[in-house]
Amino acid sequence: MKRMRRLRSSNAIRKLVQETHLNVEQLVYPVFVIEGDNIKNPVDSMPGIYQYSIDRLGEECDRMMERGVHNLLIFGIPAHKDEAGSQAYDENGITQRAIRYLKKTYPEIFVIADVCLCEYTSHGHCGLVQGERILNDETLPLLVKMSVSLAEAGADMIAPSDMMDGRVKAIRKGLDTAGFVHIPILAYSAKYASGYYSPFRDAAHSAPGFGDRRSYQMDPHNVKEALREMAADIEEGADILMVKPGLAYLDVLRAASERFDYPMAVYNVSGEYSMVKAAAGNGWIDERRIVMENMLAMRRAGADIIITYHALDVAGWMKDE
Ligand code: PBG
Ligand code: ZN
């Protein structure tokens, strides 16, 4: 008889044969920054997640430092929105000011800046709009301006999430021309048009005012297309590739990590977080077990980097172990 249970018989031997490990260095924590003073607004659909004004952002950073989470993905929520999302590339925009604050006060935090117009446009789309159409080529220069202005503010890495064609190439060229050859690009390459983003859209005030994002984000029916997106992003100069959402797209992550010798990131998105929190809040599941299992699932599927709203909880649990 094959005695499979031999390797499960004690904690020590189970640890010796573990195939997958999670490190706190692999976690990225998304943070929302809002215009104003003395604000810490809970996001109703995401228990434990808040929008902070810059003067209170330090509270969240202190929690990060305490837990040993050093990577932050920043999302700014501007007070003023317009058709062209002009606050996205204003040197005094909310995100630029927040990054300057972060890099000055917490130089040890690695700041990743999400690049997209949807938080900044009055219509809530990720690009410029003409009638009902989302314009591609006309949007690119704005994404470039935004990327350069975030790099000037001190961002350590640029993460375009807009899904316009050609944006990685345009941003790479813009960064290089502005002297930011050393700033890497984390491309949201396989970003699906997903129902799992709705809590984020409450948190970031970025729901589209009309229509949906299916003319630019990917169709959930497709996997091969995700691989083509990634190949294109590599050609265009991406340094790290991403699959988003995470748990419902682990097959895509596995296929991508087998195909490409590039670091792979996964975004364990807002809806995935909210579902766990809702079930845990009702006492229906053991939050800690479920979250740790989800983290392992993403690591097993090939993620090197996990962007997750659970990051601080995970880091805390890893500390008590
Ligand atoms: C901006 C952006 C979104 C997310 C990350 N960057 C929202 C969207 O595309 O609508 C979603 C993150 C989440 O749900 O946690 N384009
Ligand atoms: Zn967007």
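You'll find the structure just up there.
Caption draft 1: Summary view of unusual backbone geometry. In this structure, the amide linkage connecting Lys 244 to the following residue, Pro 245, adopts the cis form with an omega of -10°. Structurally, the position occupied by Pro 245 is in the loop between β10 (240-244) and α8 (250-259). You will see that Met 163, though not glycine, has its phi angle at about 70°, which is positive. Looking at the element boundaries, Met 163 is found in the loop between β8 (157-160) and α5 (167-177).

Caption draft 2: Seen up close, the site of ligand 1. If you check the shell around ligand 1, you find 19 residues, and the closest are Lys 191, Arg 201, Lys 244, Ser 270 and Tyr 309. Between an oxygen atom of ligand 1 and a side-chain N or O atom of Ser 270, the distance comes to 2.7 Å. Residues belonging to the shell around ligand 1 are distributed by class as follows: 10 nonpolar, 3 polar and 6 charged.

Caption draft 3: Seen up close, the pattern of salt bridges. Evaluated as defined, the whole model comprises 14 salt bridges. The residue Arg 172 makes a salt bridge to Asp 239 at a minimum N-O spacing of 3.9 Å. Of this pair, Arg 172 sits in helix α5 while Asp 239 is found in the loop between α7 (224-236) and β10, placing the two residues 67 residues apart along the sequence. Given the relative accessible area of 12%, Arg 172 is considered buried. The shortest N-O distance in the salt bridge between Glu 258 and Arg 254 comes to 2.6 Å. Taken together, the positions of Glu 258 and Arg 254, both in helix α8 and 4 residues apart, correspond to about one turn of that helix.

Caption draft 4: Inspection of the coordination of the zinc ion (ligand 2) at higher detail. Around the zinc ion (ligand 2), the protein contributes the donor atoms Cys 116 (SG), Cys 118 (SG) and Cys 126 (SG), at 2.2 to 2.3 Å from the metal centre. Coordination at the zinc ion (ligand 2) is tetrahedral: its 4 donor atoms span angles of 97 to 125° at the metal. Here the donor residues for the zinc ion (ligand 2) map to a single chain with the spacing C-x1-C-x7-C. Taken together, the positions of Cys 116 in the loop between β5 (110-115) and β6 (129-130) and Cys 126 in the loop between β5 and β6 put the pair 10 residues apart, joining distant regions of the chain. By relative accessible area, which is 1% here, Cys 126 ends up buried.

The rules behind each value
- Residues numbered from 1 in each chain as written.
- Chains lettered and ligands numbered in written order.
- Predicted model: local features only at pLDDT ≥ 70, side-chain atom pairs only at ≥ 80, totals over all residues.
- Heavy atoms only, no water.
- Helix = DSSP H or I, 4+ residues; strand = E, 2+ residues; numbered from the N terminus.
- Near = heavy atom within 4 Å.
- Polar contact = N/O pair within 3.5 Å; in protein donor to acceptor, adjacent residues only side chain to side chain.
- Nonpolar A, V, L, I, M, F, W, Y, C, P; charged D, E, K, R; others polar.
- Salt bridge = Lys/Arg side-chain N within 4 Å of Asp/Glu carboxyl O.
- Buried < 20%, exposed > 50% of the residue type's maximum accessible area, 1.4 Å probe, protein only.
- Donors = N, O, S within 2.8 Å, 3.2 Å for Na, K, Ca; no water.
- Tetrahedral: all angles 85-135°; square planar, octahedral: opposite > 155°, others 65-115°.

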